[in-house]
Amino acid sequence: SSEYSVHPVRCEEIRSEWDVSFDGKLSNPNDITMSKLRDLSTIKEDDIRYFSGTINYTTEIEPKFNKERVVLDFSKVECMAKVYINDEFAGGVWCEPYKVDITKRLQPGVNTLRVEVVNKWVNRIVGDMQLPEQERKISLTANPYNANSKIPSSGLIGPVRLEYYARLP
């Protein structure tokens, strides 16, 4: 809004570890911890690389703010994300810029940040096509994908930054 600076007066990257859990209709890989966010489609474990559903990222943040507006800046999200601060909905993103104003949800001290990311079904379809036919869980009338199809990026692809905007006098 016009009561704050147009550009951030400072930024800080969130460097804490992320607990990542999976909630899918057809599979649920084991939880993992990531010290650095990255595209899940590049991870070597097939159950994660080919996962389709909701991916829950949780970490703790302790923003140092005083009258500033605080905005989360996600470098890239594939495909949509809902943001929660201390289990209260703060906003969502599905296109650039991947930014959510979290000012109203923040409390002094440590805050829990949870991001629910929903990815594309293509990842699961391509993974399924690599299985023997009797083990596949997906049956499609028309399927443009095969076992060698390129899968789209997936998840919360870092880094994630806190941007601070100064209140104008």
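Being a predicted model, the structure only gives us computed values, none of them experimental.

Asks: So what's going on with the overall build of the protein? Which residues, and what values?
Replies: Looking only at helices and strands, one finds 2 helices and 10 strands in the protein. Each helix (α) and strand (β) of the protein, taken in turn from the N terminus, gives the series β-β-β-α-β-β-β-β-β-β-α-β. Considering only C-alpha atoms, the protein reaches an extent of 65 × 25 × 25 Å along its principal axes. At a minimum sequence separation of 6, the contacts of the protein that also span at least 24 residues come to 73%. Of the roughly 9700 Å² of accessible surface on the protein, a fraction of 48% belongs to carbon and sulfur atoms. Across the protein, the mean location of the 23 positive side-chain charges is 4 Å away from that of the 25 negative side-chain charges.

Asks: Quick one: what's the story with the sheet that holds strand β6 (residues 80-85), residue by residue and with numbers?
Replies: The antiparallel open sheet is built from 6 strands, whose spatial order is β3-β2-β4-β9-β6-β7. Here the strands that pair on one side only, and so sit at the sheet edges, are β3 (32-34) and β7 (88-93). The mean inter-strand angle of the sheet, taken between neighbouring strand axes irrespective of direction, is 25°. When strand β2 (residues 18-23) meets strand β4 (residues 54-61), the two strands line up antiparallel, connected through 5 bridges. Directly across from S21, in β4, lies its bridge partner N56.

Asks: Explain the packing of aromatic side chains to me, using residue names and the numbers behind them.
Replies: What the rule picks out here adds up to 3 aromatic pairs. Ring centres of F22 and F51 lie 5.2 Å apart, and the angle between their planes is 70°; on these two criteria the pair is classed as edge-to-face. With F22 in strand β2 and F51 in the loop between α1 (46-49) and β4, this pair connects stretches of sequence that are 29 residues apart. F51 matches F22 in its accessibility class, with the two residues each being buried. Lying over the aromatic face of Y164, R10 brings its terminal NZ or CZ to 3.8 Å of the ring centre. Stacked on the ring of Y165, the Lys or Arg R69 has its end atom at 4.9 Å from the ring centre.

Asks: Describe the pairing of β7, listing the residues and the values that go with them.
Replies: With 5 bridges connecting them, β6 and β7 associate as antiparallel partners. Paired with Y84 across the two strands is F89, which belongs to β7. Here β6 folds back onto β7, and the loop between the two strands holds 2 residues, one of which, N86, carries a positive phi near 50°.

Asks: Tell me about unusual backbone geometry, and please be specific about residues and values.
Replies: With an omega dihedral of -5°, the bond running from E96 to P97 counts as a cis peptide bond. Cis geometry is found at the peptide bond from G158 to P159, where omega equals 0°. By the element assignment, P159 lies in strand β10 (residues 155-165). Located in the positive-phi region is N86, a residue other than glycine, with phi close to 50°. Looking at the secondary structure, you find N86 in the loop between β6 and β7. In this structure, D87 takes a positive phi of about 65° despite not being glycine.

About the cut-offs
Residues numbered from 1 in each chain as written. Predicted model: local features only at pLDDT ≥ 70, side-chain atom pairs only at ≥ 80, totals over all residues. Heavy atoms only, no water. Helix = DSSP H or I, 4+ residues; strand = E, 2+ residues; numbered from the N terminus. Contact = heavy atoms within 4.5 Å. Areas by Shrake-Rupley, 256 points an atom, 1.4 Å probe, with all protein chains shown as cover. Lys, Arg positive; Asp, Glu negative; His and termini not counted. Charge placed at Lys NZ, Arg CZ, Asp CG, Glu CD. Pairing = 2+ DSSP bridges. Axes fitted to C-alpha atoms, helices over the stretch in contact; angles between N-to-C directions. Phe/Tyr/Trp six-rings, centres within 6.5 Å; stacked < 30°, edge-to-face > 60°. Buried < 20%, exposed > 50% of the residue type's maximum accessible area, 1.4 Å probe, protein only. Lys NZ or Arg CZ within 6 Å of the ring centre and 35° of its normal.

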